[in-house]
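Results of the structural survey
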Amino acid sequence: MRINRIFLGCIVCALLSFDVSALKTVDFYGKVTVSGKGLEGVPVTDGRQIVITDKKGNYKFTSFDDTKFVYITLPDGYAIPYDNGSNVPTLFKRVPETVNAKHRFDFELTPSNDDRTDYVLVIGADPQVYFQDEIPELKDEAKDMRELMQSRYAGKPSVGICVGDVIGDILTEPSLFKPVTDAINESGVPFFFAVGNHDVSWSKDYSSQSKCVFESIYGPTYYSFNFGGIHYVVLDDVLMMGSRYVGYLTERQLKWLEQDLSHVQHGSEVVVAFHIPAFSPEALRKEWGKESSHKIINNRSALVAMLKPFNAHIMSGHEHYNENYVLSDNLYEHVHAPMSNLFWMAPWSWDGSPTGYSVYEVKNGRIANWYYKSVGHSPEYQMEVYPAGRNRQHPEAVVANIFNRDRTWKVVWYENGELRGEMIPFKGHDPNIWDYVVAHEKNFKHPGIGADLTEHLYYAVPQVKGSTVRVEATDFNGNIYVQEISNSN
């Protein structure tokens, strides 16, 4: 679906216009406390405006009676609050449908005992569970996370974000939100959630109505929190347009984000998470006319401008492949492969990335390292190398699929121990997922879905028949990954 940008802007204005004079004003007030004592400097919001608690922890502001939530930005050094043992962080209070002219909401926080100078961020994309019988596989991924935290990161704090499409079809299976959330949280990692296009109702006409089910479980669709020296912002970039959607950040949300970031020190680390990516491979090639409005944020320039003063990492999903964009010295977008692989029909996604999630190591308020973690494999497993004859595009070549590469990676190859040079990048099909689809697609529960082209493939033509080939890949952070194969058919 491609839509002219000017036409899109007109549609968006028409969809989002409303008469605030028809709304009644409401005064919200309350207090943020720790052990009964007021906490100064905590941002409190209704999703339109942000106010800061005073020296006694008090806040107040005037809003409207259509306000759904009053919520806080969690300060650093405090435990993530949960309500009644739920698996959903509750930084919010729900506003009742009938609200008085004045309404009070108080927030009680608890100091954290964690040392967050060295911790782990986990990003999971697109669980997209359609059926109850897919839950056990999701639990296997959560188990893999838990075992990784207990072994490689024992004793370190962690936090996670699911970047949308929690479930597959809200119209037929909205009840899956809770079991999916419970399954993910078996990891032991406290997860926050973003809304995806599969998490909204396509039967509603406006975005404010289409996300009611999601909001009834997870609260507001955009919010922020602080953890371990990083300011995290979760945004909602799914704009419903009748029975269709586009990637778009509403004006109300952008105004809120501008206020939110005004309280963050310039030069510090900011992580922004949402579902639909901001950028695309076409954008990096400046092929603007080839971008699809439902695959990118159509007004991303406003977001990029706001992030310019910070060292920012964008976390997104939606596309069901791994891709990374080094956008500038201080802006990087990570597009994450799905936890649901090929919609729970194969062990790989359509780009050949194995089932998995992404891990980010944070030290002293900066993301210091990251990698893609394939379920059942060690963190050192960052590529699959195929002997000559396996790839359709280059049957004469050894081919490497480097799951999470970006344009800065250096990929070289050795033959029988001799350095041959850099491998050549190309766009093609990963052999594992291609062969699997050919063999099994007649039994797929979602017809018409299969392998797709990916840009993270590399090839090299061996000079010696039956030689041993070693591929050595160096990532953005200087980590070196190696895989060796015997090139014999």
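The model shown is predicted, which means the values in this text are computed figures rather than measured ones.

Details of the overall build of the protein
What the protein contains, in helices and strands, is 9 helices and 30 strands. Its C-alpha atoms give the protein a radius of gyration of 23 Å, near enough to 23 Å, the size a compact globule of 489 residues would have. Overall, the protein is about 80 × 50 × 40 Å in size when its C-alpha atoms are taken along their principal axes. Per-residue burial for the protein yields a buried fraction of 58% across its 489 residues.

Brief notes about the sheet that holds strand S23 (residues 383-386)
If you trace the 4 strands from one edge of the open sheet to the other, you get S23-S24-S28-S27, paired in antiparallel fashion. The sheet terminates laterally at S23 and strand S27 (424-428), the two strands that pair on one side only. The sheet shows a mean angle of 30° between the axes of neighbouring strands, direction not considered. Judged from the 4 bridges that link them, S23 and strand S24 (residues 398-402) form a sheet pairing that is antiparallel. Its bridge partner being in S24, Val-385 is matched across the sheet by Ala-400.

Quick look at the pairing of strand S1 (residues 25-34)
In this sheet, strand S5 (residues 58-64) lies alongside S1 in antiparallel orientation, the contact comprising 7 bridges. Its bridge partner being in S5, Thr-25 is matched across the sheet by Phe-64. As paired strands, S1 and strand S8 (residues 102-104) are joined by 3 bridges and run parallel to one another. Its bridge partner lying in S8, Phe-28 is registered against His-103.

Focus on the packing of helix H2 (residues 135-151) against helix H3 (residues 177-184)
Packed helix pairs are characterised by how far apart their axes lie and by the angle those axes make with each other. The contact between H2 and H3 brings their axes to 8 Å, and the two run at 25°. By the angle between their axes, H2 is roughly parallel relative to H3. Residue-level contacts link Ile-135, Leu-138, Lys-139 and Ala-142 of H2 to Pro-179, Val-180, Ala-183 and Ile-184 of H3. Among the residues making up the contact of H2 with H3, the classes are represented as 7 nonpolar, no polar and 1 charged.

What to know about the packing of aromatic side chains
Counting across every chain of the model gives 25 aromatic pairs. For the ring pair Tyr-222 and Trp-256, a centre distance of 5.2 Å and an interplane angle of 65° mean the geometry is edge-to-face. You can see Tyr-222 sitting in the loop between helix H5 (212-218) and strand S13 (223-227) and its partner Trp-256 sitting in helix H6 (residues 251-261), a full 34 residues away along the chain. For the pair shown, Tyr-222 and Trp-256 are each scored as buried. The positively charged end of Lys-93 is found above the aromatic ring belonging to Phe-107, 5.5 Å away from the centroid.

Remarks on the confidence of the model for the protein
When pLDDT is averaged along the protein, the result is 93; 94% of the residues meet or exceed 70. Taking the mean pLDDT of every element in the protein, the minimum, 48, falls on helix H1 (residues 5-16) and the maximum, 99, on strand S17 (residues 269-273).

Here we look at the environment of Met-339
Relative to the helices and strands, Met-339 is located in the loop between strand S20 (331-335) and strand S21 (356-363). Judged by its relative accessible area of 1%, Met-339 is buried. It is 9.1 Å that separates the C-alpha atoms of Met-339 and Pro-354, two residues lying 15 residues apart in sequence. For Met-339, the contacting residues outside a window of four places in its chain are Gly-124, Ala-125, Asp-126, Pro-127, Leu-138, Glu-141, Met-145, Trp-344, Thr-355 and Gly-356.

A look at H2
Every α-helical turn comprises 3.6 residues, leaving residues that sit three or four positions apart pointing alike. Here H2 contains 17 residues, and its C-alpha end-to-end distance of 24 Å stays within 8% of the 24 Å for a straight helix at 1.5 Å per residue. Taken together, the buried positions of H2 are occupied by Ile-135, Leu-138, Glu-141, Ala-142, Asp-144, Met-145, Leu-148 and Met-149. On the buried face of H2, the contacting elements are strand S10 (118-124), strand S11 (158-162), H3, strand S12 (191-193), S21 and strand S22 (366-374).

Observations regarding the side chain of Asn-432
Topologically, Asn-432 is positioned in helix H9 (residues 431-440). On the basis of relative accessibility, which here comes to 16%, the residue Asn-432 falls in the buried class. What Asn-432 contacts, discounting residues up to four positions off in sequence, is Trp-348, Glu-384, Tyr-386 and Arg-390.

Here's the deal with the sheet that holds S21
The mixed open sheet is built from 5 strands, whose spatial order is S12-S11-S10-S21-S22. Two strands lie at the open edges of the sheet, namely S12 and S22, each paired on one side alone. In this sheet, neighbouring strand axes are inclined to one another by 20° on average, regardless of whether the strands run parallel or antiparallel. The sheet contact formed by S10 and S11 spans 5 bridges and is parallel.

A look at the pattern of salt bridges
Counted by the stated rule, this structure contains 22 salt bridges. Taking the shortest distance from any N to any O, the salt bridge between Arg-300 and Glu-291 comes out at 2.9 Å. For Arg-300, a relative accessible area of 10% translates into the label buried. Ionic contacts of the salt-bridge type, sharing partners, join the residues Arg-285, Glu-287, Lys-290, Lys-427 and Glu-455 into one network.

A look at the state of the cysteines
Under the definition given, this model contains 0 disulfides. Distance from the sulfur of Cys-162, which forms no disulfide, to the nearest cysteine sulfur (Cys-212) is 20 Å. Looking at Cys-212, the relative accessible area reads 40%, which means it is partly exposed.

Definitions and cut-offs
Residues numbered from 1 in each chain as written. Predicted model: local features only at pLDDT ≥ 70, side-chain atom pairs only at ≥ 80, totals over all residues. Heavy atoms only, no water. Helix = DSSP H or I, 4+ residues; strand = E, 2+ residues; numbered from the N terminus. Rg over C-alpha atoms; globule rule 2.2 N^0.38 Å. Buried < 20%, exposed > 50% of the residue type's maximum accessible area, 1.4 Å probe, protein only. Pairing = 2+ DSSP bridges. Axes fitted to C-alpha atoms, helices over the stretch in contact; angles between N-to-C directions. Parallel < 35°, antiparallel > 145°, perpendicular 65-115°, else oblique. Contact = heavy atoms within 4.5 Å. Nonpolar A, V, L, I, M, F, W, Y, C, P; charged D, E, K, R; others polar. Phe/Tyr/Trp six-rings, centres within 6.5 Å; stacked < 30°, edge-to-face > 60°. Lys NZ or Arg CZ within 6 Å of the ring centre and 35° of its normal. pLDDT = per-residue confidence, 0-100. Expected span 1.5 Å × (residues − 1). Salt bridge = Lys/Arg side-chain N within 4 Å of Asp/Glu carboxyl O. Disulfide = S-S within 2.5 Å.

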